[in-house]
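Fold and geometry: a report
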Amino acid sequence: MEREKRKWRTFMNNERKKRANRLIQKGALLEKYFDCEHLTIEQTEELLKTFSYYVNHNKPNYLKGNDNNG
């Protein structure tokens, strides 16, 4: 039983690290392409809200949804 718990904790810890790394990478891309290092979190959210409808309705089909891996 303890071995299974340890296995589960290891799995969850790895998933958390993957998510953290993904968020860091995407944040870096956001700053690179939108030149928004100087914006607060709230201002960044407003920037993204401004363009979200357009982007979500005009992105190529291969970038839509979770089913497509490219």
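Residues numbered from 1 in each chain as written. Predicted model: local features only at pLDDT ≥ 70, side-chain atom pairs only at ≥ 80, totals over all residues. Heavy atoms only, no water.

Further remarks concern the environment of Glu31. Among the structural elements, Glu31 can be located in helix α1 (residues 2–34). On the basis of relative accessible area, Glu31 is assigned to the partly exposed category, the value being 36%. Setting aside chain neighbours within four positions, we find Glu31 in contact with Cys36 and Glu37. (Helix = DSSP H or I, 4+ residues; strand = E, 2+ residues; numbered from the N terminus. Buried < 20%, exposed > 50% of the residue type's maximum accessible area, 1.4 Å probe, protein only. Contact = heavy atoms within 4.5 Å.)

A few words now on the pattern of salt bridges. For the coordinates displayed, the defined rule picks out three salt bridges. Here Glu2 ties to Arg9 by a salt bridge, and the two come within 3.5 Å at their closest N and O atoms. Its relative accessible area of 44% is what places Glu2 among the partly exposed residues. The closest approach of N and O atoms between Glu15 and Lys18, which form a salt bridge, is 3.3 Å. (Salt bridge = Lys/Arg side-chain N within 4 Å of Asp/Glu carboxyl O.)

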